[in-house]
Amino acid sequence: MAALRVPNFVRRRSAGAYAMDDWASHVRSELAYELPDEDIGEDLDDCLDFYRLGSKPRCEEIEYLALVRDARDRIDRGWTA
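Undergrad: Help me understand a negative patch on the surface, please; the structure alone is not making it clear to me.
TA: Taken together, the side chains of Glu-34, Asp-37, Glu-60, Glu-63 and Asp-70 present a region of like negative charge at the surface. Here the element with the most residues in the negative patch is helix H4 (residues 58-77); it accounts for three residues. Following the sequence through the fold, Glu-34 ends up in helix H2 (residues 15-34). A relative accessible area of 45% places Glu-34 in the partly exposed class.

This is the structure in structure tokens:
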């Protein structure tokens, strides 16, 4: 019986994939530092989707939402931007 050959691109992650993961981790770390009292998860879209409007004072709410959106956008743009 012949062994199944898996192409290299399937087995290995590229250096760019690791760099993107590092960049996303870096951005999330910065966000956690700026918002120490918040539970920031891996998926920032979930943080925005499950956020209940009115659960914080208005000025804190605006700052929280702006910081999370900015972090999400920075991750989406990538580490080269």
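From this point on, the discussion continues.
Undergrad: Hey, could you run me through the nonpolar core in this one?
TA: Nonpolar side chains tend toward joint burial in soluble globular proteins. Ranked by size, the top nonpolar core spans 16 residues in total, and within it Leu-31, Leu-35, Ile-40, Leu-44, Tyr-64 and Val-68 carry the most contacts. Of all elements in the fold, only H2, helix H3 (44-49) and H4 reach the threshold of two or more residues within this core. When residues of this core are assigned to their parent elements, the largest contribution, six residues, is made by H4. Ignoring any residue separated from it by four or fewer positions in sequence, one finds Leu-44 in contact with Leu-31, Val-68, Ala-71, Arg-72 and Ile-75.

Undergrad: Sorry, what's going on with the environment of Arg-69 here?
TA: Residue placement: Arg-69 occurs in helix H4. Separated by 21 residues in sequence, Arg-69 and Leu-48 place their C-alpha atoms 7.8 Å apart.

Basis of the calculations
- Residues numbered from 1 in each chain as written.
- Predicted model: local features only at pLDDT ≥ 70, side-chain atom pairs only at ≥ 80, totals over all residues.
- Heavy atoms only, no water.
- Patch = residues over 30% accessible without salt bridge, like charges linked within 9 Å, V, L, I, M, F, W, Y side chains within 5 Å.
- Areas by Shrake-Rupley, 256 points an atom, 1.4 Å probe, with all protein chains shown as cover.
- Salt bridge = Lys/Arg side-chain N within 4 Å of Asp/Glu carboxyl O.
- Lys, Arg positive; Asp, Glu negative; His and termini not counted.
- Charge placed at Lys NZ, Arg CZ, Asp CG, Glu CD.
- Helix = DSSP H or I, 4+ residues; strand = E, 2+ residues; numbered from the N terminus.
- Buried < 20%, exposed > 50% of the residue type's maximum accessible area, 1.4 Å probe, protein only.
- Core = buried A, V, L, I, M, F, W, Y, C linked by side-chain atoms within 4.5 Å.
- Contact = heavy atoms within 4.5 Å.

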